[in-house]
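Structural characterization, general
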Amino acid sequence: MAFPAKFPSLNAMEMTDEARRTLVRVLRVAFPHENFPDGPYERTADKILVEADAETWFRVALIQGLQSLDQLSDKSFCSLNDDEALRVLRRVEGTEFFGFVRRTAALGLYDDEEVWEILGYQGPSFDLGGYVNRGFNDLDWLPEPRILYPEGEDLPELGPGAHLGPQTVNVADESTNQPSAEQAEMGEVKR
């Protein structure tokens, strides 16, 4: 529900098609991914617009923020190359406008199923039993980790006490509600 602003002229402010195009450009510059098509950025812009429409303060901040980008650019923000556009965004990164866009976009853009597919994310796995048996370790774009020690050099020593098993706790000390090592038994984990 949108609450009316104190000044009626603010309630009349609406998002134009040009402002929406500028918002999509802001998202592309702020969250750059060469292989992302326009769809995820446009859907994220739509989510931002819905959020802004629900709250007069954010709607006004968004509209005024987008208008200020053209003023800071001395021309259309959309016509700037990526480096120039990034410089303009850096000038407004501490504003309420940019904070609102960043917060909403970070959640919206990376919660898009088309983005999941591009990034190789299989989606939520809770209802399928988790990732343990569903390829949690199937990353093929990371190099295999290498741990190399120079020839003839021993492995580093473990820290003091690292090789010891569980320490027994004084059973007489009942200052905690946690079971001691002797009282705790590991039970079988069942599904």
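Attention here is on the structure that accompanies the text. These figures come from a predicted structure and were not determined experimentally.

Regarding the overall build of the protein
When its secondary structure is counted, the protein shows 7 helices and 0 strands. When the helices and strands of the protein are listed from N to C terminus, the series reads α-α-α-α-α-α-α. Buried residues in the protein amount to 27% of all 191 residues. Pairs at least 24 apart in sequence give 60% of the contacts found in the protein among residues at least 6 apart.

Some points on helix 4 (residues 56–73)
Taking 1.5 Å as the rise per residue, helix 4 with 18 residues should run 26 Å; its terminal C-alpha atoms sit 26 Å apart, in good agreement. By the burial criterion, the buried members of helix 4 are Thr56, Arg59, Val60, Ala61, Leu62, Ile63, Gly65, Leu66, Leu69 and Ser73. Following helix 4 by one or two positions, Asp74 has its phi on the positive side, about 65°.

Details of the environment of Thr16
Here Thr16 lies in the loop between helix 1 (8–11) and helix 2 (17–30). Note: C-alpha distance between Thr16 and Ile63 (47 residues apart in sequence) is 8.9 Å. A polar contact is formed between the side chain of Thr16 and the backbone nitrogen of Ala19, at a distance of 3.0 Å.

What to know about unusual backbone geometry
With a phi close to 65°, Asp74 is a non-glycine residue in the positive phi region. Structurally, the position occupied by Asp74 is in the loop between helix 4 and helix 5 (82–92).

Description of the packing of helix 2 against helix 6 (residues 96–109)
Two quantities define a packed helix pair, namely the angle between the helix axes and the distance between the axes. Interhelical geometry of helix 2 versus helix 6 gives an angle of 70° and a closest axis separation of 11 Å. Between helix 2 and helix 6, the angle is such that the two are roughly perpendicular. For the pair helix 2 and helix 6, contact is made by Leu23, Val26, Leu27 and Ala30 and by Phe98, Val101 and Ala105, respectively. Classifying every residue of the contact of helix 2 with helix 6 gives 7 nonpolar, no polar and no charged.

Structural notes on helix 2
Its 14 residues place the ends of helix 2 20 Å apart at the C-alpha level, agreeing with the 20 Å of an ideal helix rising 1.5 Å per residue. Along helix 2, the positions that sit buried rather than exposed are Ala19, Thr22, Leu23, Val24, Arg25, Val26, Leu27 and Val29. Lining the buried residues of helix 2 we find helix 3 (38–54), helix 4, helix 5 and helix 6.

As for the environment of Val115
Here Val115 lies in helix 7 (residues 113–119). If sequence neighbours within four positions are ignored, Val115 has contacts with Phe36, Pro40, Leu109 and Tyr110.

What to know about the nonpolar core
Within the largest apolar cluster, 29 residues are counted, with the highest numbers of intra-cluster contacts made by Leu62 and Leu69. Mapped by element, the contributors of at least two residues to this core are helix 2, helix 3, helix 4, helix 5 and helix 6. Residues contacting Leu62, with those up to four places away along its chain left out, are Met15, Leu23, Ile48, Leu49, Ala52, Phe97, Phe100 and Val101.

Looking at the packing of aromatic side chains
Scanning the entire structure with this criterion turns up 4 aromatic pairs. Relative to Tyr41, the ring of Phe36 lies with its centre 6.0 Å away and its plane at 45°, an arrangement referred to as tilted. Ring geometry for Trp116 against Tyr121: centres 5.1 Å apart, planes inclined by 85°, an arrangement best described as edge-to-face. A residue is classified by how much of its surface remains accessible, and Trp116, at 15% relative accessible area, is buried. In this structure Tyr121 comes out as partly exposed when scored by relative accessible area, which is 39%.

Some remarks on the side chain of Arg25
The residue Arg25 is located in helix 2 in this model. Using a relative accessible area of 15% as the deciding quantity, one classes Arg25 as buried. With residues near it in sequence (within four places) discarded, Arg25 still touches Phe77, Cys78, Leu80, Asn81, Asp82 and Ala85.

Cut-offs applied
Residues numbered from 1 in each chain as written. Predicted model: local features only at pLDDT ≥ 70, side-chain atom pairs only at ≥ 80, totals over all residues. Heavy atoms only, no water. Helix = DSSP H or I, 4+ residues; strand = E, 2+ residues; numbered from the N terminus. Buried < 20%, exposed > 50% of the residue type's maximum accessible area, 1.4 Å probe, protein only. Contact = heavy atoms within 4.5 Å. Expected span 1.5 Å × (residues − 1). Polar contact = N/O pair within 3.5 Å; in protein donor to acceptor, adjacent residues only side chain to side chain. Axes fitted to C-alpha atoms, helices over the stretch in contact; angles between N-to-C directions. Parallel < 35°, antiparallel > 145°, perpendicular 65-115°, else oblique. Nonpolar A, V, L, I, M, F, W, Y, C, P; charged D, E, K, R; others polar. Core = buried A, V, L, I, M, F, W, Y, C linked by side-chain atoms within 4.5 Å. Phe/Tyr/Trp six-rings, centres within 6.5 Å; stacked < 30°, edge-to-face > 60°.

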